[in-house]
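Secondary and tertiary structure notes
Here are the chains, one letter per residue:
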Amino acid sequence: MIRKCQSTDINEIAEIWLDTNIKAHNFIPAQYWQNHFEDVKKMFLQAEIYIYENEETNKIQGFIGLSDDYIAGIFICSEVQSQGIGKQLLDFVKRIKVNLNLKVYKMNVRAIKFYQRENFRILNEDMDQNTKEKEYIMVWEQ
């Protein structure tokens, strides 16, 4: 089930955010993500977030965060990755948005392949000034 995030979900999704970032971005020190943890929790309160919740267990298994047409990220619990949850969240957002854009680290090959499979195209290459890592700017248009 996909639903809008509630304030009571923030701590649970923040843990998913932290765990996923540390595992998916092993080329960035874990301390970077840990240092931003509290700020991100505050940002979640302002963001448009949709949650994938397991209907049987009522456990949050992933979420997608948006700021207008910008996808801040898709985060899926490691134990249920590659089971179609990210695609379901992305398909949900594609039904309510005309255009989408995002940034993905160039070294996150798995994520790049996922977005390309979902008809995103690389528009440009940039440098994340915080991490000094190269990233792609990707877009999707209906």
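Above this text is the structure in question.
Procedures and definitions
Residues numbered from 1 in each chain as written. Predicted model: local features only at pLDDT ≥ 70, side-chain atom pairs only at ≥ 80, totals over all residues. Heavy atoms only, no water. Helix = DSSP H or I, 4+ residues; strand = E, 2+ residues; numbered from the N terminus. Rg over C-alpha atoms; globule rule 2.2 N^0.38 Å. Buried < 20%, exposed > 50% of the residue type's maximum accessible area, 1.4 Å probe, protein only. Contact = heavy atoms within 4.5 Å. Areas by Shrake-Rupley, 256 points an atom, 1.4 Å probe, with all protein chains shown as cover. Lys, Arg positive; Asp, Glu negative; His and termini not counted. Charge placed at Lys NZ, Arg CZ, Asp CG, Glu CD. Salt bridge = Lys/Arg side-chain N within 4 Å of Asp/Glu carboxyl O. Polar contact = N/O pair within 3.5 Å; in protein donor to acceptor, adjacent residues only side chain to side chain. Expected span 1.5 Å × (residues − 1).

**Let's talk about the overall build of the chain**
A count of helical and extended segments in the chain gives 4 helices and 7 strands. The order of α-helices and β-strands along the chain, N terminus first, is β-α-α-β-β-β-α-β-α-β-β. Scaling as 2.2 N^0.38, a compact globule of 142 residues should have a C-alpha radius of gyration of about 14 Å, and the chain matches this with 14 Å. Dimensions of the chain, computed from C-alpha atoms along their principal axes, come out at roughly 40 × 35 × 30 Å. Taking all 142 residues of the chain together, 47% fall into the buried category. Taking the intrachain contacts of the chain between residues at least 6 apart in sequence as the baseline, contacts between residues at least 24 apart amount to 56%. Summed over its atoms, the accessible surface of the chain is roughly 8200 Å², and 48% of this surface lies on carbon and sulfur atoms. Computed over 18 positive and 21 negative side-chain charges, the separation of the two mean positions in the chain equals 4 Å.

**Overview of the pattern of salt bridges**
According to the stated counting rule, one finds 11 salt bridges in the structure shown. Between R3 and D9 there is a salt bridge, with its nearest N and O atoms 2.7 Å apart. Relative accessible area serves as the criterion here: at 16%, R3 is assigned to the buried category. With its nearest N and O atoms 3.4 Å apart, the salt bridge here joins E48 to K97. Residue E48 is found in strand β2 (residues 48-53), and its partner K97 is found in the loop between α3 (85-94) and β5 (99-105); the two are separated by 49 residues along the sequence.

**Some points on the environment of T20**
Mapped onto the elements, T20 comes out in helix α1 (residues 10-24). Separated by 118 residues in sequence, T20 and M138 have C-alpha atoms that sit 20 Å apart. Aside from chain neighbours lying at most four places away, what touches T20 is F75, I76 and Q81. Here the side chain of T20 touches I76 through a polar contact of 3.4 Å, landing on its backbone oxygen.

**Observations concerning α1**
Look at α1: 21 Å from first C-alpha to last across 15 residues, which is about the 21 Å you get at 1.5 Å a residue. Among the structural elements, α2 (30-44), β2, β3 (60-67) and β4 (70-76) are those in contact with the buried residues of α1.

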